[in-house]
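# A closer look at the structure
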Amino acid sequence: MTFRQTHLLGIEPLHPVEITTLLDLADTYVELNRGPEKHAAVLEGLTQVNMFFENSTRTQASFELAGQRLGADVMNMAMQASSIKKGESLIDTALTLNAMHPDLLVVRHPHSGAVNLLAEKVNCAVINAGDGRHEHPTQGLLDALTIRRKKGRLHRLTVAICGDIAHSRVARSNIWLLGKMESRIRLVGPPTLIPSGARDWGVEVCHDMETGLADADVVMMLRLQKERMSGGFIPSEREYYYRYGLDAAKLARAKPDAIVMHPGPMNRGVEIDGTIADDINRSVIQEQVEMGVAVRMAAMDLLARNLRDRRAA
Amino acid sequence: MKLLFQNARLIDPEAGEERLGELAVEDGVIVSALSGAPDETIDCGGKCLAPGIVDLGVKVSEPGERHKESFRSAGLAAARGGVTTMVTRPDTDPAIDTPEVLEFVSRRAQADSVVRVVPMAALTKGRRGEEMVELGFLQDAGAAAFTDCDRVVADTRLLSRALTYAAGLGALVVGHVQEPILSRGACATSGKFASLAGLPSVSPMAERMGLDRDVSLLEMTGARYHVDQITTARALPSLERARKNGLDITAGVGIHHLTLNEFDVAGYRTFFKVKPPLRSEEDRIAVIEAVGSGLIDVISSMHTPQDEESKRLPFEEAASGAVGLETLLPAAMRLVHAGHLSLSQLWRALSLNPARRLGLAGGRLSEGAPGDLVLFDPDAPFVLDRFALASKSKNTPFDGMRMEGRVLGTWVGGSAAYRAG
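Per chain, residues are indexed from 1 in the order of the written sequence. Chains and ligands are labelled by the order in which they are written, letters from A for the one and numbers from 1 for the other. Since the coordinates come from a predicted model, pLDDT governs what is reported: local features require at least 70, and pairs of side-chain atoms require 80 or more to be given and counted, while whole-chain, interface and lining totals use all residues. The side-chain numbers reported here are obtained from all heavy atoms of the structure, hydrogens and water having been left aside.

## Examining the overall build of chain A
Going by this rule: The numbering of helices and of strands both runs from the N terminus, where a helix is a DSSP run of H or I of at least 4 residues and a strand a run of E of at least 2. Values of the radius of gyration come from C-alpha atoms, whereas the globule rule sets the reference at 2.2 Å times the count of residues to the power 0.38. For every residue, the accessible area (1.4 Å probe, protein chains only) is compared with the maximum for its type, and the residue is labelled buried under 20%, exposed over 50%, or partly exposed between those bounds. In these tables, accessible area is a Shrake-Rupley quantity obtained with a 1.4 Å probe, and a residue counts as shielded only by the protein chains included in the view. His residues and chain termini do not enter the charge count, which takes Lys and Arg as positive and Asp and Glu as negative. By convention, the point assigned to a charge is CZ for Arg, NZ for Lys, CD for Glu and CG for Asp.
Along its length, chain A carries eleven helices and nine strands. Relative to the 2.2 N^0.38 estimate, which gives 20 Å for 313 residues, the radius of gyration of chain A is 19 Å and therefore close to what a compact globule would have. Its C-alpha atoms put chain A at 55 × 45 × 35 Å along the principal axes. Residue burial in chain A is summarised as follows: out of 313 residues, 59% are buried. Entry remark: accessible area of chain A is about 12700 Å², with carbon and sulfur atoms responsible for 50%. Of note, chain A has its 37 positive side-chain charges centred 1 Å away from the centre of its 38 negative side-chain charges.

## Regarding the UniProt feature "binding site: carbamoyl phosphate" (unreviewed entry) in chain A
Residues and elements named next belong to chain A. What counts, and what does not: UniProt positions are given in the numbering used here, feature names are shortened, and annotations may be inferred rather than shown by experiment. Should any heavy atoms of two residues lie within 4.5 Å, those residues are considered in contact.
As annotated in UniProt, the feature "binding site: carbamoyl phosphate" (unreviewed entry) corresponds to Arg58, Thr59, Arg108, His136, Gln139, Gly264 and Pro265 in the numbering used here. Note that arginine 108 resides in strand β3 (residues 104–109). Not counting residues within four places of it along the chain, the set of residues in contact with arginine 108 comprises Met51, Phe52, Phe53, Glu54, Asn55, Ser56, Thr59, Ala129, Gly130, His136 and Arg169. Non-local contacts of histidine 136, meaning those with residues more than four positions away in its chain, are made with Thr59, Arg108, Asn128, Ala129, Gly130, Arg169, Val170, Ser173 and Arg296.

## Quick look at the pairing of strand β17 (residues 402–412) of chain B
Residues and elements named next belong to chain B. Counted only if it meets this: One requirement defines pairing of two strands: DSSP has to find at least two bridges between them.
Both strand β16 (residues 373–383) and β17 contribute to a ladder of eight bridges, which runs antiparallel. When the bridges of β17 are listed, valine 374 appears paired with threonine 410. Sheet analysis places β17 next to strand β18 (residues 415–419), joined by four bridges and oriented antiparallel. Paired with glycine 409 across the strands is arginine 419, a residue of β18. What sits between the antiparallel neighbours β17 and β18 is a turn of two residues, in which glycine 413 has the positive phi angle 55°.

## As for the domain arrangement of chain A
Residues and elements named next belong to chain A. Counted only if it meets this: Boundaries between domains were set according to an automatic or database domain assignment. Here the buried area means the combined drop in accessible surface, using a 1.4 Å probe, for two parts upon being joined, counting both sides. Salt bridges are identified by distance alone: a Lys or Arg side-chain nitrogen within 4 Å of an Asp or Glu carboxyl oxygen.
Assigned domains within chain A: domain 1 (7–135 + 290–308) and domain 2 (137–285). Spacing between the C-alpha centres of domain 1 and domain 2 amounts to 25 Å. Residue-level contacts link 34 residues of domain 1 with 24 residues of domain 2. The largest contributions to the domain 1 side of the interface with domain 2 come from Ile11, Leu23 and Arg133, which together make up 25% of the buried area. Where domain 1 meets domain 2, there are five salt bridges. Here arginine 169 and glutamate 54 are joined by a salt bridge, their closest N and O atoms 2.9 Å apart. Counting only elements with at least two residues in the side of domain 1 that touches domain 2, the list comes to α1 (16–34), α2 (58–69), β3, β4 (125–131) and α11 (285–312).

## Regarding the packing of α1 of chain A against α11 of chain A
All names here are of chain A. Where we set the bar: Axis definition: a line fit to C-alpha positions, over the contact stretch in the case of helices; interaxial angles, taken between N-to-C directions, run 0 to 180 degrees. Each angle is binned into one of four classes, with values under 35 degrees roughly parallel, values over 145 roughly antiparallel, values of 65 to 115 roughly perpendicular, and all other values oblique. Here is the rule for handedness: rotate from the far helix to the near one, and if that takes an anticlockwise turn smaller than a right angle the crossing is left-handed, while a clockwise turn gives right-handed. Residues are sorted three ways: Asp, Glu, Lys and Arg are charged, Ala, Val, Leu, Ile, Met, Phe, Trp, Tyr, Cys and Pro are nonpolar, and all the rest, Gly among them, are polar.
The interhelical angle for the contact between α1 and α11, taken along N-to-C directions, is 120°, at an axis separation of 8 Å. With respect to each other, α1 and α11 are oriented oblique. For α1 against α11, the interelement crossing comes out right-handed. The segment α1 lies against α11, with Leu22, Leu23, Leu25, Ala26, Tyr29, Val30, Leu32, Asn33 and Arg34 engaging Glu290, Met291, Val293, Ala294, Val295, Met297, Ala298, Ala299, Asp301, Leu302 and Arg305. A class-by-class count of the residues in the contact of α1 with α11 yields 15 nonpolar, one polar and four charged.

## A look at the nonpolar core
Soluble, globular proteins show a tendency: their nonpolar side chains are buried together. Note the following rule: Definition used in this section: a nonpolar core is a set of buried Ala, Val, Leu, Ile, Met, Phe, Trp, Tyr and Cys residues joined via side-chain atoms within 4.5 Å.
Within the largest apolar cluster, 101 residues are counted, with the highest numbers of intra-cluster contacts made by Ile230, Ile249, Ile299 and Trp347 of chain B. No other element matches the seven residues that helix α11 (residues 328–337) of chain B contributes to this core. Sequence-distant contacts of isoleucine 230 of chain B, that is, excluding residues within four places in its chain, are made with Val177, Glu207, Leu211, Ala235, Leu236, Leu239, Ala251, Gly252, Val253, Val287 and Ile296 of chain B. Listed in part, the 65 residues of the second largest apolar core include Ala72, Ile165, Ile194 and Trp201 of chain A.

## Here's the deal with the interface of chain B and chain A
Definition in use: Under this definition, polar contacts are N or O atom pairs within 3.5 Å; protein pairs additionally need one hydrogen-donor-capable and one acceptor-capable atom, and for neighbouring residues in sequence, both atoms have to be side-chain atoms.
At the junction of the two partners, chain B supplies 16 residues and chain A supplies 20 residues. Area buried by chain B at its contact with chain A is led by Leu196, Tyr268 and Arg312 of chain B, which between them contribute 36% of it. Viewed at the interface, chain A and chain B are joined by zero salt bridges. Across the chain B-chain A interface, the total number found is eight residue pairs in polar contact (both at pLDDT 80 or more).

Right, dumping it as structure tokens:
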């Protein structure tokens, strides 16, 4: 087993072997979660704190369930309603929390790099549950696990990541991960939603779905964040759906066995047609949610092992 | 008081040369020969003796935030960095926008600073970009120039009137060039780095757009104008054209943009957050070349003290700016050691040009110039420890870095403001 990280702050610092190690372990947790006894005691005695500075239901529930299934004591802190509103700085919040001796800290924050900053100030293992537009590593890993289970590999696949790349931390984590695993990545979206400099990332950039989806093994759709509409990034939702929404005609350009992914929550009729999202032969959106719990269990398990080793040393 | 500096490597930016020799200072002024025996003879040991640095655009956090920097601490930092004149910025709290506040600042500076202080005043009240300040009163009270610092006056009509009025007074206006709406909310330069880091970014083109607007206004108004910082390659042709067209425009650049690039921010290091944001390596090199060719006139520290609290925040929320008075000289020596500039070229930008632009007597080694001098060893290596800085604020991006160039002594008007121990 090779996994050397103290924290899981992003995919960028991971070695491909570490990614494989984590995914292999996650596979075993998928089996556990499907069995009758969904419990393993690997985090027994440890405290997991979920700090979400940004609203989230799905990710937070997934982390909470993952922790509970592994036997950790799990506490959720709704940071939006708490001391942050009273003007406390992120560092002070972290130090306050640190004094309570948590072992695993799961953090989501609206600003890029905020989780890295917090990780410098605490003694426990920190998992980034999404920071600004930077990274969302467990999403990248759960997407990879889903792809690996469907396609049998992560290398030499053509993956089209479509939609609002510019504002997406999911896209960045996936680009890092699939790049490290030597897949071919295409970013597809209107030029206003492709970040400047994206062509230097070792990816292909397309501005139309027909070219972008051609012969793709995996079609990964991203959520169009409605608040972006006011920024004038696209003229209207209906034009966006017409040009970039995934429907049967556009999907027909991809390989016949291509899978369709979406990190959720979906805007049906904006970036994806409802019938595609529900097509059990193509859509793996439900599997992604299932893999999410397993991947988070694996990540916390590995980080806890390293934490215990460090404390023992 | 008669001083004789012997065995010095004299850096003379006015003559554009270096020479070995001696320099005499009597009653605070450089003289060709002393009237009698010197009171003190300083053996420079072959080290460099140059006019003191005239640092255009220093923020001393008085009034309002004396815990970040006072005239005493800034003056000491300046003396240790070879800066003999601080041209101070009005972006204090409150802004220096009335003759009364300016008088307070002058009095504080007089009482506490060991180096000369030449204050600038705001161009608009409260730097809000809504109403011009009392330029005439402020000029009479000693304002050397008018600037809203890093805030762009977005109201073009107001700016055109302020420039017209300033032109009538012969006053210098210092502007920050940036298209304000395009750059709104940005804390990085757009490109590969900012996109990967997920930071809100602005195209370097926003600088040229800001410059182009202001150049058009200069053509309209005939004002005297200095751009505080030109940091991008794409703005340079516009500047060159404005110069060729005979407009009264000069330009500066901060030392951080000459020695660091966007990748130095790396893991969201907020000490590298400056305004405008650090640029690409191509921009950095182009701007250094523009300093070499004389297109960019002035290098300054853009000294901006920030306390730990305002920097220990997520990158987007953290305050901008870095202290620079003490690190300006060793950081600038990197440009010499890398072969980009000669020492006399560098001193033209650090001392002669800013003094000339502001109508100050310093920046020269010739007879009659003030005895504002810095003695330094251009090659002495050291590792910078930010906690050893004299500034009250320690927000330097050079912490822990290897640097070369140490100040051995600084004299202001012929009296020692700093001598290395």
